[in-house]
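Now for the letters of each chain:
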Amino acid sequence: MDKSDRIRACYQHACLRYVCREQMTNESLRKRFVIDDKNYSTASRIIADTINEGFIKPYDPENKSKKHAKYIPYWA
């Protein structure tokens, strides 16, 4: 997948999780993309790119912990 495909897939994953009354996390994205736990930075980069494009936003903007961060679609 190229960068735009990964961003779109990340956004769609966030939408699916939101509809299921859950939030997307780094861990849930790694499971979706079959990324090893030790390569968590790859998922973090995809999440950061998707945030920069404006497709997702932090669930709790007050949370400063990246480890426990959750994300939702921009329209939620």
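For clarity, every value in this text was computed on a predicted model and none was experimentally measured.

Parameters and conventions
Residues numbered from 1 in each chain as written. Predicted model: local features only at pLDDT ≥ 70, side-chain atom pairs only at ≥ 80, totals over all residues. Heavy atoms only, no water. Helix = DSSP H or I, 4+ residues; strand = E, 2+ residues; numbered from the N terminus. Expected span 1.5 Å × (residues − 1). Buried < 20%, exposed > 50% of the residue type's maximum accessible area, 1.4 Å probe, protein only. Arc of directions from axis to C-beta. Contact = heavy atoms within 4.5 Å. Phe/Tyr/Trp six-rings, centres within 6.5 Å; stacked < 30°, edge-to-face > 60°. 1 Å grid on protein atoms, 1.4 Å probe; cavity = no way out; pocket = protein on both sides within 12 Å on 5 of 7 lines; lining within 4 Å. Points joined across faces, edges and corners; volume = space filled by probe spheres on them. Nonpolar A, V, L, I, M, F, W, Y, C, P; charged D, E, K, R; others polar.

A. Here's a closer look at helix α3 (residues 40-53). End to end, α3 covers 20 Å across 14 residues, agreeing with the expected 20 Å (1.5 Å per residue, within 8%). Every buried residue of α3 is accounted for by Ala 43, Ile 46, Ile 47 and Thr 50. One side of α3 holds all its buried residues, which, seen down the axis, span an arc of 100 degrees. For α3, exposure combined with an orientation more than 90 degrees from the buried face picks out Arg 45 and Asn 52. Against α1 (3-19), α2 (26-33), β1 (56-58) and β2 (71-73) lie the buried residues of α3.

B. Broad picture of the packing of aromatic side chains. Scanning the model with the defined rule gives three aromatic pairs in all. Taking the centre distance of 5.4 Å and the plane angle of 45 degrees together, the rings of Tyr 11 and Phe 55 count as tilted. Of the two residues, Tyr 11 sits in helix α1 while Phe 55 sits in the loop between α3 and β1, which places them 44 residues apart along the sequence. By relative accessible area, which is 18% here, Tyr 11 ends up buried. An angle of 25 degrees between the planes, with centres 6.0 Å apart, marks the rings of Tyr 11 and Tyr 74 as stacked. Here Tyr 74 lies in the segment after β2 and Tyr 11 lies in helix α1, a separation of 63 residues in the sequence. The partly exposed category is assigned to Tyr 74, whose relative accessible area is 45%.

C. Quick look at the side chain of Thr 25. Along the chain, the position of Thr 25 falls in the loop between α1 and α2. Every residue in contact with Thr 25, bar those within four places of it in the chain, is listed here: Ile 47, Ala 69 and Lys 70.

D. Spotlight on the layout of surface pockets. Of the voids in this model, the largest pocket is the one considered here, and its volume is about 350 Å³. Forming the walls of the largest pocket are 15 residues, and the residues nearest its centre are Asn 26, Ser 44, Lys 66, Lys 67 and Ala 69. Within the residue set of the lining of the largest pocket, elements represented by two or more residues are α2 and α3. Classifying every residue of the lining of the largest pocket by side-chain character gives six nonpolar, four polar and five charged. Ile 51, Pro 58, Tyr 59, Asp 60, Asn 63, Lys 64, Ser 65, Lys 66, His 68, Ala 69, Lys 70 and Tyr 71 together form the lining of the second largest pocket. For the lining of the second largest pocket, the residue count by class is five nonpolar, three polar and four charged.

E. Up close: the environment of Ala 69. Among the structural elements, Ala 69 can be located in the loop between β1 and β2. Ala 69 sits in the buried class, given a relative accessible area of 12%. Between the C-alpha atoms of Ala 69 and Cys 15, which are 54 residues apart in sequence, the distance is 16 Å.

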